[in-house]
Amino acid sequence: MVSVIGGGIAGSCLAGGLARQGQRVALYEQQRPGPGAGAFLFIDGRGHEAMEAMGVDRSALHEV
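Model, not experiment: these values are computed from the prediction. (Residues numbered from 1 in each chain as written. Predicted model: local features only at pLDDT ≥ 70, side-chain atom pairs only at ≥ 80, totals over all residues. Heavy atoms only, no water.)

1. Remarks on the overall build of the protein
Of regular secondary structure, the protein possesses 3 helices and 2 strands. Listed by position from the N terminus, the elements making up the protein come as β-α-β-α-α. In the protein, once contacts between residues fewer than 6 apart in sequence are set aside, the share between residues at least 24 apart is 25%. In the form shown here, the protein has an accessible surface area of approximately 5,100 Å², with 56% of it arising from carbon and sulfur atoms. (Helix = DSSP H or I, 4+ residues; strand = E, 2+ residues; numbered from the N terminus. Contact = heavy atoms within 4.5 Å. Areas by Shrake-Rupley, 256 points an atom, 1.4 Å probe, with all protein chains shown as cover.)

2. Brief notes about the pattern of salt bridges
Within this structure, the stated rule accounts for 1 salt bridge. Here Glu 52 makes a salt bridge to Arg 58, at a shortest N to O gap of 3.0 Å. Residue Arg 58 is classed as exposed on the basis of its relative accessible area, which comes to 51%. (Salt bridge = Lys/Arg side-chain N within 4 Å of Asp/Glu carboxyl O. Buried < 20%, exposed > 50% of the residue type's maximum accessible area, 1.4 Å probe, protein only.)

3. Overview of the pairing of strand E2 (residues 25–28)
Note on strand geometry: in a regular strand, side chains alternate between the two faces of the sheet. As defined by bridge partners, strand E1 (residues 2–5) adjoins E2 across 4 bridges and the pair is classed as parallel. Bridge pairing links Ser 3 to Ala 26 in E2. In this fold, E1 hands off to helix H1 (residues 9–20), which returns the chain to E2; that crossover is right-handed. (Pairing = 2+ DSSP bridges. Right-handed = clockwise from strand over helix to strand, strands pointing away.)

4. A short note on H1
Here H1 spans 16 Å end to end across 12 residues, near enough to the 16 Å set by a 1.5 Å rise per residue. When we look at burial in H1, the residues that qualify are Gly 11, Ala 15, Gly 16 and Leu 18. Each buried residue of H1 lies within a common arc of 165° when the element is viewed along its axis, so the set occupies one face. On its buried face, H1 sits against E1 and E2. Just downstream of H1, Gly 22 is the residue with a positive phi angle, here 95°. (Expected span 1.5 Å × (residues − 1). Arc of directions from axis to C-beta.)

5. A closer look at the confidence of the model for the protein
Averaged over the protein, the pLDDT score is 79; the fraction of residues at 70 or greater is 80%. Of all helices and strands in the protein, the one with the weakest mean pLDDT is helix H3 (residues 58–63) (75), whereas E1 scores best (92). (pLDDT = per-residue confidence, 0-100.)

The structure is reproduced here in structure tokens:
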């Protein structure tokens, strides 16, 4: 089991990459979901390319 502390973009990408490699992952985030939580995140074309290289399905990425 791998524990990742922080569910920001880096923590989420790391957790996703490890999970796709078959690792059991627990992702911990202090911020509670709901109104006022989190921040807007814009991922440009290079970010899309990096996520696709990590195995994120292109159509699923564009749905989000």
